[in-house]
Every structure is written in structure tokens, then in C-alpha cells.
Amino acid sequence: MSVINLKESEVQVREVRLGSITGFEGTAGQLVQCARSGSLKDSVRSFSQCMGCSSINAFCQLCMIQDAAVINHAPVGCAGDVFCFNFVYRVGQMERKLPPAIGRYFSTNIQEQDTIFGATQKLADTIRAVYQRVGPNAIFITTSCASGIIGDDVEGVANDLAAELGIPVVACFCEGFKSKIWTTGFDSAYHSIVRKIVKPPQKKSNKVNIINFWGSRIFDELLNPLGYEADYIVPFSTIAQLEHISEAAATIQICPTLGTYIGAALEQVYGVPEIKSPPAYGIAGTDQWLRELGRVLDRQTEIEEIIAKEHERVLPKLREYREKLQGKTAYLTAGAAHGHSLIAVLRELGMEVQGAAIFHHDPIYDSGDIASDALAHDVNTYGDVPNYNVCNKQAYELVNILNRVRPDIMIARHGGMTLWGAKLGIPTLLIGDEQFGFGYQGVLNYAERILETLDNKEFVTNLAKHSTMPYRKWWLEQNPFSFLRGDLDVGFY
Ligand code: SF4
């Protein structure tokens, strides 16, 4: 279990804190076994095609707090992804029927001279300008490789300006060079929120924290009849709302890759129990998750009634889908916990999972409880998964494997990965909303979309005929893991 230390301004990166890795080839069962036995090793790539950055993952959470502003203390190029989050923010506002507002994101635009003379004055000036211009209830400062390398005292500036302006001004340390695992940025954002925004509880409330991205409000229907209220955080929350999340009755995570740190922090620091179970994907996972929720909220009887009613509704339809999908093969690529959840959904539908390219692996989450290990749940419930590759979006590995396994369908969670399936003539399904597959209904949702995608194979067949591939026959005939060599021991517990 990682120990949450709010006195530290920075959270440790996942490699150090959890022993997380970005390189592995084998089966899912082998990976789970290595993680459990403390023998997990990170296989280092001698060639890396691309990399994500913690900074943008921190930003994607902080930038959607409705009444906060975010300053990226960085060269302006680090904010290259920001436009995409303004789009997500605006679409999310419409879905949640919030008044339209553009995001409040700024950059200090660190330049060459600043890297020599320092950029703290520029940062202080920017904070004052942002305060004058948009009047936020809090300002977050996300750091960058440049600000980290020159050693700017961002924490000192933040504390001085917080005292001057009378609002929280919070440093969020998320320099991209510090971690190969970009989800470390989620932890940085949550650390800054728990450290400087959340207040100690005054009373207990009937709210349940839902740590999620920006998906639909699917938890209202479940929690309201149980006498609880869903509090969706962090996107679209307010500073006042975040101040009170320590008073909640429980914390639910839509995805432990996203919320491992804040779930554990709220439990360890303020006693808010975290639901520790594989996320509710697939019938078996949903049963398990609901029972744990019922236990924590003291609603076991009501939960058993919900399970019985939902089984009656869903299982006959599921049997029909299984007949249609039995034996169909799938390959998937996604972030860690969500990828594990999708394996459960596909196996529940009777499909054969031929392999997966999953962006990283956390051998354990911050709670230290193995009950949340969704990959172990997959292996124990549905059997092993071959061709399980921990791969941080290295397209060259993905294409090579896809070309070998040639599944009936490729499932992807992130845009930018789907084109490889389509170029090979493999029907490819992109589902960006992680809540689409959640719960009992989620299994049916996926079944319908998979069948639709398989029905439309002609499109990718034609696309493959008319597209070219940057990877030559030479590479496609090599071992896909030719560059995944040189084991680096990161075992720590
Ligand atoms: S890796 Fe460093 S330089 Fe690149 S975007 Fe992230 S913070 Fe900026």
C-alpha cells in the first residue's frame, strides 16, 4: 500500500510508488503471477516511437473544474493538446446541460531566455493576470520539463500568490520527463486537489464520490433509490464541491487507472471508504462490484434485489447475443484498467480474446488491496489471455501483432489506434465513453455495437485495398517484440 503524504508537494511517479511497467510480452496470467510474486520486471524498449506526457493527464482533470483556471508553466508547445480538451469540455457541458463557457487555460510561454534567468517572475505575473481576467475560485499551475529542469520554485510562487490573492493557488508537479507512465499525471492532479482544496469533514453526507472522466450520469439511477446521491468528480465539479468530498459515504471509481490515488487518499486521510472490487464490467464483475457497494453502504438487501431483477432482464438477451458472437475473435487496445474491463465484457459475450495491447500495468493500486485487480479477475473468471502485451502506444508492435492474429474485430478505447486495424481490413470499433460498457447494460451495449461493426466489414475491406502501410514486409515478418529487450528490475515489494 502506498502511503499518502500530503506534506509532500509532489506525488511519487507510478514506477516508484506502485512498481508499474510499460513493457511486457506474455499472457495475462503470467503478468498477474509476476505481479503477485513480486517478480515483475519492466522490459525496456531499445526503440520507442512515441510517448505520452503526465502533464496533459493532469491538465485533463484540472481544466474541467468549472470555476478554476489552469496555468501551464511551460513553453507554449506543451499546451498543444489543450484545444482538444476545450472541445471535450464544451461537448460535456452540453451533455450535462451546463451553461456554455470556454475553458480557462493559460500558458506562461517559457522561452529560451527564461531557461537561463528563471521564469518565476513570469509565472507570478501570469497568475495575477489570470486572476484579474477571469476571477477564478482557484488557480492550478501545471509544471513542465522546462520548469522542472531549470528548477523554478513553483511551490513558493504558488504559496505567495495564494496569500496575496486570497484563493487557493496550487502547484501540480507533472513534468513529462519524470515518468514513462502518463497516468502519473492523474495522480499529480488529485494530489494537488487533496492537498490544497479538500477540507477536513465537518459531517458525513449521503453523497458518493464518482471518480470519472466526462461520461454520462449513469450512477444516479442506481444510487438515488438507495438513498444516496452521486457526486461526479473531477470534470464539471466546482471548487466548493471538491472542498467537501471528504464528507462522502464512499468513493466509486469508474476506472482504477484514473482514480487509484484519490480513492486511497480520501480513505487514508479522511476515512471515506473506497469500493474495492474489479470495476463493474461483465456480469460476474458487476455482481461482485454491486455486492461490495451494498456492503459499504449497508444496503445488502436492496442490492440483492437489484441483482436478481437485472439478471432477469439482461441474461435472456445476453444468451441471444452469445449465440451470434460465439467463437468470434477480438483484439483490443486500451489503457490498463479499462482494457482489463473490456476483456471481461468480450469474454462474457462468448468471444475469444486473441490478445491485447495495454498501455501500462500497475501490479497493485494505492489501496494495496488485490480485490481491485481486474486483470486477475479476468484470468480467474474467464481463463488466460494470450498475446498480452504491455505497450505504451507503440504502433509498430501493434501493427505487427494485428497482422499475425488477424482478429474478426479490433476494439480500441483511444482515437489514433483504430486506423491500424482499418488499414489491415479488420473491422474496428472505437468506444471513447468508458461508461458505455459499465454494468449489466454495458454488456448488451457492446454486443449491439460489435454486431453492427461486423455487419459493415465491406467498408474496411475496401479501405484496406486502397490504403498503404508505412511498415514494410521486412518488419511485419520480424518478431513483434524485437525491440522489447533488456529487462530492468523494478521489483520492490
Ligand atoms: S514531455 Fe515535457 S516538453 Fe513534452 S509536452 Fe510534456 S512537459 Fe512539455
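Residues numbered from 1 in each chain as written. Predicted model: local features only at pLDDT ≥ 70, side-chain atom pairs only at ≥ 80, totals over all residues. Heavy atoms only, no water.

Going by an unreviewed UniProt entry, the chain carries the name Nitrogenase molybdenum-iron protein alpha chain and comes from Methylomusa anaerophila.

Caption draft 1: Inspection of the nonpolar core at higher detail. If you look at the biggest cluster of nonpolar residues, it comprises 115 residues, and the most contacted ones within it are L349 and I450. Considering every element that reaches this core, the biggest residue donor is helix α19 (residues 439-455), with 8 residues. Residues lining this core come from more than one domain, with at least three contributed by each of domain 1 (54-179) and domain 2 (291-489). Look past the residues within four positions of L349 in its chain and what remains in contact with it is L318, Y321, R322, L325, Q326, V443, Y446, A447 and I450. (Core = buried A, V, L, I, M, F, W, Y, C linked by side-chain atoms within 4.5 Å. Buried < 20%, exposed > 50% of the residue type's maximum accessible area, 1.4 Å probe, protein only. Helix = DSSP H or I, 4+ residues; strand = E, 2+ residues; numbered from the N terminus. Domains from an automatic or database assignment. Contact = heavy atoms within 4.5 Å.)

Caption draft 2: Structural detail: the UniProt feature "domain: Nitrogenase/oxidoreductase component" (unreviewed entry) in the chain. The positions that UniProt labels "domain: Nitrogenase/oxidoreductase component" (unreviewed entry) are, in the present scheme, residues 57-454. Between the end C-alpha atoms of residues 57-454 there is a gap of 33 Å, over a span that is 48% helix and 14% strand. (UniProt positions renumbered as here; feature names shortened; annotations may be inferred.)

Caption draft 3: Structural view of the confidence of the model for the chain. Looking at the chain as a whole, its pLDDT mean stands at 93, while 98% of the residues score no less than 70. Contacts for the low-pLDDT stretch residues 486-493, under 50 throughout, to residues beyond four places or in other chains number 25 contacts. (pLDDT = per-residue confidence, 0-100.)

Caption draft 4: Spatial organisation of the sheet that holds strand β8 (residues 229-233). Sheet architecture is open: 3 strands sit in the order β8-β7-β9, paired in parallel fashion. Each edge of the open sheet is held by one strand with a lone partner, namely β8 and β9 (250-253). Between one strand axis and the next, the sheet turns by 30° as a mean value, whatever way the strands run. Pairing between strand β7 (residues 207-211) and β9: 4 bridges, direction parallel. (Pairing = 2+ DSSP bridges. Axes fitted to C-alpha atoms, helices over the stretch in contact; angles between N-to-C directions.)

Caption draft 5: Local environment of helix α13 (residues 283-297). The terminal C-alpha atoms of α13, which comprises 15 residues, lie 21 Å apart, in line with the 21 Å expected from a rise of 1.5 Å per residue. Residues of α13 that are buried: I283, G285, T286, D287, W289, L290, E292, L293, G294 and L297. Positioned one or two residues after α13, D298 has a phi angle of 60°, which is positive. (Expected span 1.5 Å × (residues − 1).)

Caption draft 6: Quick look at the site of the ligand. Neighbouring the ligand are C53, C78, S144, C145 and G176. Broken down by class, the residue content of the shell around the ligand amounts to 3 nonpolar, 2 polar and no charged. (Near = heavy atom within 4 Å. Nonpolar A, V, L, I, M, F, W, Y, C, P; charged D, E, K, R; others polar.)

Caption draft 7: Molecular detail of the packing of aromatic side chains. Counting across every chain of the model gives 17 aromatic pairs. Centre to centre, the rings of F219 and W289 are 6.2 Å apart; their planes meet at 55°, and the pair counts as tilted. Here the residue F219 occupies a position in the loop between β7 and α10 (220-223), and W289 occupies one in helix α13, the gap between them amounting to 70 residues. Residue classification places F219 among the buried positions, given a relative accessible area of 1%. Taken together, the ring pairs connect F47, Y396, W474, W475 and F483 into an aromatic cluster. The ring of Y232 carries R96 above its face, with NZ or CZ at 5.4 Å from the centroid. Taking NZ or CZ as reference, R413 lies 5.5 Å from the ring centre of F213, over its face. (Phe/Tyr/Trp six-rings, centres within 6.5 Å; stacked < 30°, edge-to-face > 60°. Lys NZ or Arg CZ within 6 Å of the ring centre and 35° of its normal.)

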